[in-house]
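# Chains, contacts and geometry: an overview
Given next are the chains, with one letter for each unit.
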Amino acid sequence: MSAAHTINSSSSEQQSPLAAGLYLVATPIGNLEDITFRAVNILKACHRILAEDTRHSRVLLDHYGIRKPVEPYHDFNKERTSGSYLQRLRDGEAVALICDAGTPGIADPAFNLVKAALAEEIPVFPVPGPSALLAALTASGLPTDRFSFENFPPKKSAQRLRKLETLKAKWPEEADHAPTLCFFVAPYQLTNFLDEILQVFGPDLYVVVARELTKKFEEFRKGPVAELSAHYSKHTPRGEFVLLFHPQNKR
(Lines give C-alpha, C1' and ligand atoms only; values in the text may rest on other atoms or scores of the structure.)
Protein backbone atom coordinates (compact mmCIF):
# COMPACT_ATOMS: atom_id res chain seq x y z
CA MET A 1 0.00 0.00 0.00
CA SER A 2 1.43 3.37 -0.98
CA ALA A 3 0.92 6.63 0.86
CA ALA A 4 0.62 10.13 -0.57
CA HIS A 5 1.19 13.43 1.18
CA THR A 6 1.01 17.10 0.34
CA ILE A 7 2.33 20.25 1.96
CA ASN A 8 1.19 23.80 1.34
CA SER A 9 4.27 25.98 1.05
CA SER A 10 2.66 29.20 -0.18
CA SER A 11 3.69 32.38 1.64
CA SER A 12 0.21 32.85 3.10
CA GLU A 13 0.47 29.49 4.83
CA GLN A 14 4.04 29.73 6.13
CA GLN A 15 2.98 30.43 9.70
CA SER A 16 0.48 27.55 9.77
CA PRO A 17 1.34 24.42 11.76
CA LEU A 18 3.41 21.99 9.76
CA ALA A 19 1.99 18.68 8.67
CA ALA A 20 3.33 15.80 10.74
CA GLY A 21 6.30 14.08 9.20
CA LEU A 22 10.05 14.07 8.72
CA TYR A 23 11.51 17.14 7.00
CA LEU A 24 14.94 16.77 5.36
CA VAL A 25 16.19 20.35 5.44
CA ALA A 26 19.25 21.30 3.40
CA THR A 27 21.54 23.78 5.15
CA PRO A 28 24.48 25.92 3.96
CA ILE A 29 27.78 24.24 3.15
CA GLY A 30 29.68 27.37 4.17
CA ASN A 31 28.07 30.71 3.45
CA LEU A 32 25.19 31.13 5.90
CA GLU A 33 23.19 33.09 3.31
CA ASP A 34 22.79 29.92 1.21
CA ILE A 35 19.55 28.80 2.80
CA THR A 36 16.03 29.03 1.44
CA PHE A 37 13.15 30.98 2.97
CA ARG A 38 11.21 27.74 3.15
CA ALA A 39 14.01 25.99 5.06
CA VAL A 40 14.14 28.76 7.68
CA ASN A 41 10.36 28.76 8.06
CA ILE A 42 10.23 25.00 8.52
CA LEU A 43 13.03 25.05 11.10
CA LYS A 44 11.13 27.72 13.00
CA ALA A 45 7.81 25.87 12.82
CA CYS A 46 8.82 22.26 13.51
CA HIS A 47 8.57 20.61 16.91
CA ARG A 48 12.25 19.64 17.09
CA ILE A 49 15.44 19.55 15.03
CA LEU A 50 17.75 16.56 14.71
CA ALA A 51 21.37 17.45 13.91
CA GLU A 52 24.62 15.56 13.39
CA ASP A 53 26.56 18.01 15.58
CA THR A 54 24.30 20.18 17.74
CA ARG A 55 27.07 22.65 18.57
CA HIS A 56 27.95 23.12 14.92
CA SER A 57 24.32 23.55 13.89
CA ARG A 58 23.65 26.02 16.69
CA VAL A 59 25.72 28.64 14.82
CA LEU A 60 23.28 28.53 11.90
CA LEU A 61 20.18 28.35 14.08
CA ASP A 62 21.27 31.29 16.24
CA HIS A 63 22.07 33.31 13.11
CA TYR A 64 18.44 33.00 11.99
CA GLY A 65 16.87 33.25 15.44
CA ILE A 66 15.61 29.67 15.40
CA ARG A 67 14.69 28.57 18.92
CA LYS A 68 13.70 24.93 18.82
CA PRO A 69 14.90 21.87 20.74
CA VAL A 70 17.99 20.51 18.97
CA GLU A 71 18.89 16.86 19.55
CA PRO A 72 21.79 14.76 18.21
CA TYR A 73 21.26 12.21 15.46
CA HIS A 74 24.47 10.78 14.04
CA ASP A 75 26.24 7.56 13.07
CA PHE A 76 27.07 6.72 16.67
CA ASN A 77 23.53 6.93 18.09
CA LYS A 78 21.26 6.28 15.11
CA GLU A 79 20.50 2.68 16.09
CA ARG A 80 19.71 3.65 19.68
CA THR A 81 17.60 6.76 19.01
CA SER A 82 15.71 6.04 15.77
CA GLY A 83 12.93 4.23 17.62
CA SER A 84 12.15 7.17 19.89
CA TYR A 85 12.04 9.60 16.96
CA LEU A 86 9.79 7.27 15.01
CA GLN A 87 7.41 7.30 17.95
CA ARG A 88 7.38 11.10 17.97
CA LEU A 89 6.56 11.04 14.27
CA ARG A 90 3.76 8.55 14.90
CA ASP A 91 2.46 10.89 17.60
CA GLY A 92 2.07 13.66 15.02
CA GLU A 93 5.23 15.70 15.41
CA ALA A 94 6.91 17.61 12.61
CA VAL A 95 10.58 16.71 12.95
CA ALA A 96 13.29 18.47 10.93
CA LEU A 97 16.53 16.65 10.21
CA ILE A 98 19.68 18.55 9.21
CA CYS A 99 23.26 17.46 8.65
CA ASP A 100 26.44 19.40 9.38
CA ALA A 101 26.28 20.98 5.93
CA GLY A 102 24.35 20.44 2.72
CA THR A 103 21.56 18.01 1.93
CA PRO A 104 20.67 15.33 4.50
CA GLY A 105 20.91 11.77 3.26
CA ILE A 106 24.05 12.26 1.15
CA ALA A 107 26.80 10.26 2.89
CA ASP A 108 25.24 10.72 6.33
CA PRO A 109 22.89 8.80 8.69
CA ALA A 110 19.66 10.47 7.51
CA PHE A 111 19.04 7.48 5.24
CA ASN A 112 18.38 5.23 8.24
CA LEU A 113 15.59 7.38 9.62
CA VAL A 114 14.11 8.02 6.19
CA LYS A 115 13.96 4.30 5.43
CA ALA A 116 12.38 3.54 8.80
CA ALA A 117 9.81 6.33 8.44
CA LEU A 118 8.77 5.29 4.94
CA ALA A 119 8.42 1.67 6.07
CA GLU A 120 5.68 2.91 8.42
CA GLU A 121 4.19 5.21 5.76
CA ILE A 122 5.22 8.30 7.71
CA PRO A 123 5.52 11.26 5.30
CA VAL A 124 9.02 12.41 4.42
CA PHE A 125 9.33 15.91 2.96
CA PRO A 126 12.50 16.95 1.07
CA VAL A 127 13.40 20.62 1.57
CA PRO A 128 16.06 21.12 -1.13
CA GLY A 129 18.99 23.47 -1.02
CA PRO A 130 22.81 23.45 -0.94
CA SER A 131 24.86 20.42 -1.93
CA ALA A 132 28.67 20.36 -2.02
CA LEU A 133 28.50 17.59 -4.62
CA LEU A 134 26.40 19.59 -7.10
CA ALA A 135 28.19 22.86 -6.39
CA ALA A 136 31.54 21.27 -7.27
CA LEU A 137 30.21 19.39 -10.28
CA THR A 138 28.48 22.32 -11.95
CA ALA A 139 31.54 24.57 -11.62
CA SER A 140 34.11 21.92 -12.50
CA GLY A 141 33.88 22.14 -16.28
CA LEU A 142 33.53 18.35 -16.43
CA PRO A 143 30.57 16.67 -18.15
CA THR A 144 27.39 17.02 -16.10
CA ASP A 145 24.97 15.02 -18.23
CA ARG A 146 25.93 11.89 -16.34
CA PHE A 147 27.78 11.59 -13.04
CA SER A 148 28.38 9.07 -10.28
CA PHE A 149 28.81 9.96 -6.61
CA GLU A 150 31.36 7.56 -5.13
CA ASN A 151 31.14 8.80 -1.52
CA PHE A 152 34.37 8.91 0.53
CA PRO A 153 37.21 6.69 -0.73
CA PRO A 154 37.99 3.60 1.37
CA LYS A 155 40.29 4.15 4.33
CA LYS A 156 43.07 1.79 3.27
CA SER A 157 45.30 2.33 0.24
CA ALA A 158 44.86 -1.20 -1.10
CA GLN A 159 41.09 -0.80 -0.98
CA ARG A 160 41.26 2.56 -2.74
CA LEU A 161 43.43 1.11 -5.48
CA ARG A 162 41.00 -1.77 -5.98
CA LYS A 163 38.09 0.65 -6.24
CA LEU A 164 39.91 2.79 -8.80
CA GLU A 165 40.86 -0.29 -10.83
CA THR A 166 37.21 -1.36 -10.79
CA LEU A 167 36.08 2.06 -12.02
CA LYS A 168 38.71 2.06 -14.76
CA ALA A 169 37.64 -1.39 -15.92
CA LYS A 170 33.99 -0.36 -15.90
CA TRP A 171 34.63 2.75 -17.99
CA PRO A 172 37.49 2.05 -20.43
CA GLU A 173 38.45 4.70 -22.98
CA GLU A 174 36.22 3.24 -25.68
CA ALA A 175 33.11 2.95 -23.48
CA ASP A 176 30.11 5.14 -24.25
CA HIS A 177 28.36 7.39 -21.75
CA ALA A 178 30.98 7.28 -19.01
CA PRO A 179 30.03 9.46 -16.01
CA THR A 180 32.02 12.10 -14.21
CA LEU A 181 33.16 10.49 -10.95
CA CYS A 182 32.76 12.50 -7.76
CA PHE A 183 34.29 11.86 -4.33
CA PHE A 184 34.23 13.52 -0.94
CA VAL A 185 37.82 13.43 0.35
CA ALA A 186 39.17 14.16 3.82
CA PRO A 187 42.21 16.48 3.86
CA TYR A 188 44.51 13.88 5.43
CA GLN A 189 43.63 11.47 2.60
CA LEU A 190 43.85 13.79 -0.39
CA THR A 191 47.54 13.52 -1.31
CA ASN A 192 47.59 9.72 -1.14
CA PHE A 193 44.37 9.48 -3.12
CA LEU A 194 45.77 11.68 -5.89
CA ASP A 195 48.87 9.48 -6.03
CA GLU A 196 46.68 6.40 -6.32
CA ILE A 197 44.58 7.96 -9.10
CA LEU A 198 47.85 8.68 -10.90
CA GLN A 199 48.94 5.04 -10.53
CA VAL A 200 45.70 3.69 -11.96
CA PHE A 201 44.72 6.25 -14.61
CA GLY A 202 48.11 7.72 -15.50
CA PRO A 203 49.66 11.17 -14.96
CA ASP A 204 47.62 12.97 -17.64
CA LEU A 205 44.15 12.31 -16.24
CA TYR A 206 42.38 15.65 -15.78
CA VAL A 207 41.26 16.13 -12.18
CA VAL A 208 39.32 18.88 -10.42
CA VAL A 209 39.75 19.49 -6.69
CA ALA A 210 37.21 21.84 -5.07
CA ARG A 211 38.06 23.12 -1.59
CA GLU A 212 36.02 25.00 1.04
CA LEU A 213 33.06 25.62 -1.26
CA THR A 214 31.15 28.89 -0.65
CA LYS A 215 33.57 29.86 2.13
CA LYS A 216 36.13 32.66 2.27
CA PHE A 217 38.94 30.48 0.94
CA GLU A 218 36.96 28.66 -1.75
CA GLU A 219 39.32 27.25 -4.36
CA PHE A 220 39.19 25.13 -7.51
CA ARG A 221 42.38 23.48 -8.73
CA LYS A 222 42.22 21.82 -12.13
CA GLY A 223 44.77 19.99 -14.22
CA PRO A 224 46.61 16.72 -14.82
CA VAL A 225 46.62 14.54 -11.73
CA ALA A 226 50.44 14.57 -11.69
CA GLU A 227 50.41 18.37 -11.27
CA LEU A 228 47.81 18.32 -8.51
CA SER A 229 49.63 15.54 -6.70
CA ALA A 230 52.85 17.56 -6.80
CA HIS A 231 51.06 20.67 -5.53
CA TYR A 232 49.48 19.00 -2.52
CA SER A 233 52.67 17.13 -1.65
CA LYS A 234 54.19 20.59 -1.07
CA HIS A 235 51.11 22.31 0.40
CA THR A 236 49.35 20.50 3.24
CA PRO A 237 45.66 20.07 2.34
CA ARG A 238 43.31 21.93 4.67
CA GLY A 239 39.53 22.17 4.62
CA GLU A 240 36.82 20.08 2.99
CA PHE A 241 37.35 18.68 -0.49
CA VAL A 242 35.33 17.36 -3.41
CA LEU A 243 37.43 15.58 -6.04
CA LEU A 244 36.11 14.95 -9.54
CA PHE A 245 37.38 13.41 -12.76
CA HIS A 246 36.04 11.86 -15.92
CA PRO A 247 37.65 8.44 -16.47
CA GLN A 248 38.26 9.17 -20.17
CA ASN A 249 39.35 12.81 -19.87
CA LYS A 250 43.09 13.37 -20.35
CA ARG A 251 44.56 16.75 -21.21
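Residues numbered from 1 in each chain as written. Predicted model: local features only at pLDDT ≥ 70, side-chain atom pairs only at ≥ 80, totals over all residues. Heavy atoms only, no water.

Averaged over the protein chain, the pLDDT score is 92; the fraction of residues at 70 or greater is 94%. Every residue in residues 7–16 is under pLDDT 50, and counting partners more than four places away or in other chains gives eight contacts. (pLDDT = per-residue confidence, 0-100. Contact = heavy atoms within 4.5 Å.)

What follows deals with the packing of aromatic side chains. Using the criterion set out here, one finds eight aromatic pairs in the structure. Both rings, one in phenylalanine 152 and one in phenylalanine 184, keep their centres 5.6 Å apart while their planes meet at 65 degrees; by these two values the pair is edge-to-face. Note that phenylalanine 152 is positioned in the loop between strand E6 (147–149) and helix H6 (157–170) and phenylalanine 184 in strand E7 (residues 180–185), a separation of 32 residues in sequence. Relative to phenylalanine 193, the ring of phenylalanine 183 lies with its centre 5.1 Å away and its plane at 70 degrees, an arrangement referred to as edge-to-face. You can see phenylalanine 183 sitting in strand E7 and its partner phenylalanine 193 sitting in helix H7 (residues 187–201), a full ten residues away along the chain. Taken together, the ring pairs connect Phe183, Phe193, Phe201 and Phe245 into an aromatic cluster. (Phe/Tyr/Trp six-rings, centres within 6.5 Å; stacked < 30°, edge-to-face > 60°. Helix = DSSP H or I, 4+ residues; strand = E, 2+ residues; numbered from the N terminus.)

To continue, consider the sheet that holds strand E2 (residues 48–51). Taken together, the five strands give an open sheet; going across it, the order is E3-E2-E4-E1-E5, and neighbouring strands pair in parallel fashion. Every interior strand has two partners, whereas the edge strands, strand E3 (70–72) and strand E5 (124–127), have only one. Taken pair by pair, the neighbouring strands of this sheet meet at an average axis angle of 25 degrees, ignoring direction. Packing against the sheet, helix H2 (residues 54–63) makes contact with E2, E3 and strand E4 (94–98), and its axis sits at approximately 155 degrees to E3. (Pairing = 2+ DSSP bridges. Axes fitted to C-alpha atoms, helices over the stretch in contact; angles between N-to-C directions.)

In this structure, the largest pocket spans a volume of roughly 1,100 Å³. Along its surface, the largest pocket is lined by 43 residues, and Asp100, Ala101, Phe152, Phe184 and Glu240 are the ones closest to its centre. At the level of elements, H2, E7, H7 and strand E10 (241–250) are the ones that each hand at least two residues to the lining of the largest pocket. For the lining of the largest pocket, the residue count by class is 24 nonpolar, eleven polar and eight charged. (1 Å grid on protein atoms, 1.4 Å probe; cavity = no way out; pocket = protein on both sides within 12 Å on 5 of 7 lines; lining within 4 Å. Points joined across faces, edges and corners; volume = space filled by probe spheres on them. Nonpolar A, V, L, I, M, F, W, Y, C, P; charged D, E, K, R; others polar.)

Following both chains from N to C, one finds helix H3 (residues 78–90) and helix H4 (residues 110–119) inclined at 40 degrees, their axes separated by 10 Å at the closest point. Considered as vectors, H3 and H4 are oriented oblique to each other. The two elements H3 and H4 meet at a crossing, and its hand is right-handed. Across the interface between the two elements, Lys78, Glu79, Ser82, Tyr85 and Leu86 from H3 touch Asn112, Leu113, Ala116 and Ala117 from H4. Each residue belonging to the contact of H3 with H4 can be placed in one class, and the counts come to five nonpolar, two polar and two charged. (Parallel < 35°, antiparallel > 145°, perpendicular 65-115°, else oblique. Left-handed = near helix turned anticlockwise from the far one by under 90°.)

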